[in-house]
Amino acid sequence: MSSSKAEEPVNEQAVANKFAAMRSELNQIYSKITELEMDVSEHSLVINAIQPLDPSRRCFRMIGGVLVERTIKEVLPAVQRNKEGIEEVITRLNEALERKKKEISDFEAKYKIRIRKNDSEEKDDGARKEGTAQGVLVGPAGGSE
């Protein structure tokens, strides 16, 4: 027991708090990915709307809260670059998401964490997903017997 790392949780409550924080981070990553996917969808709509139009036609674009007048020829490449940049960020966030899932899984295995379900969920056990769980159970950390 005395050889534990400084970053290791010291009791069950600390383990439960760390686990909850990790799950919160995971949910934040999911939310950001969803938000960026909506942005990509909006960029695609704009690209599809202005692509067939005359390149010299004027259009308006919001840049930093300011509406500016440009031509389609100027705006289309910028919107396409922005869309590609957002897609790269989504790819990196998906990689971070997988790392966080593995980290949480390892943490669950290390501390023998089981998700506790409420009474109403226990009746419909087969129809429920783990993500709807309300409580966390933490088992003993070490292999001490």
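No experiment lies behind these values; they were computed from the predicted model shown.

### With respect to the packing of aromatic side chains
Each aromatic ring pair is described using two quantities: the centre-to-centre distance and the angle formed by the ring planes.
Part 1 of the argument: Going through the model one piece at a time under the given rule, you end up with two aromatic pairs.
Part 2 of the argument: Relative to Phe107, the ring of Phe19 lies with its centre 6.4 Å away and its plane at 10°, an arrangement referred to as stacked. Of this pair, Phe19 sits in helix H1 (residues 12-50) while Phe107 is found in helix H2 (residues 72-110), placing the two residues 88 residues apart along the sequence.
Part 3 of the argument: Look at Phe19 and you get buried, because its relative accessible area is 0%.
Part 4 of the argument: Centre to centre, the rings of Phe107 and Tyr111 are 4.8 Å apart; their planes meet at 50°, and the pair counts as tilted.

### Points about the UniProt feature "coiled-coil region" (unreviewed entry) in the chain
Part 1 of the argument: In the UniProt entry, the feature "coiled-coil region" (unreviewed entry) is given for residues 83-110.
Part 2 of the argument: Taken as a whole, residues 83-110 contains 100% helix and 0% strand, while its terminal C-alpha atoms sit 40 Å from one another.

### Looking at the packing of H1 against H2
Part 1 of the argument: Two elements in contact, H1 and H2, have axes separated by 9 Å at closest approach and are oriented at 160°. With respect to their mutual orientation, H1 and H2 come out roughly antiparallel. For the pair H1 and H2, the crossing hand works out as left-handed.
Part 2 of the argument: A class-by-class count of the residues in the contact of H1 with H2 yields 24 nonpolar, five polar and 12 charged.

The rules behind each value
Residues numbered from 1 in each chain as written. Predicted model: local features only at pLDDT ≥ 70, side-chain atom pairs only at ≥ 80, totals over all residues. Heavy atoms only, no water. Phe/Tyr/Trp six-rings, centres within 6.5 Å; stacked < 30°, edge-to-face > 60°. Helix = DSSP H or I, 4+ residues; strand = E, 2+ residues; numbered from the N terminus. Buried < 20%, exposed > 50% of the residue type's maximum accessible area, 1.4 Å probe, protein only. UniProt positions renumbered as here; feature names shortened; annotations may be inferred. Axes fitted to C-alpha atoms, helices over the stretch in contact; angles between N-to-C directions. Parallel < 35°, antiparallel > 145°, perpendicular 65-115°, else oblique. Left-handed = near helix turned anticlockwise from the far one by under 90°. Nonpolar A, V, L, I, M, F, W, Y, C, P; charged D, E, K, R; others polar.

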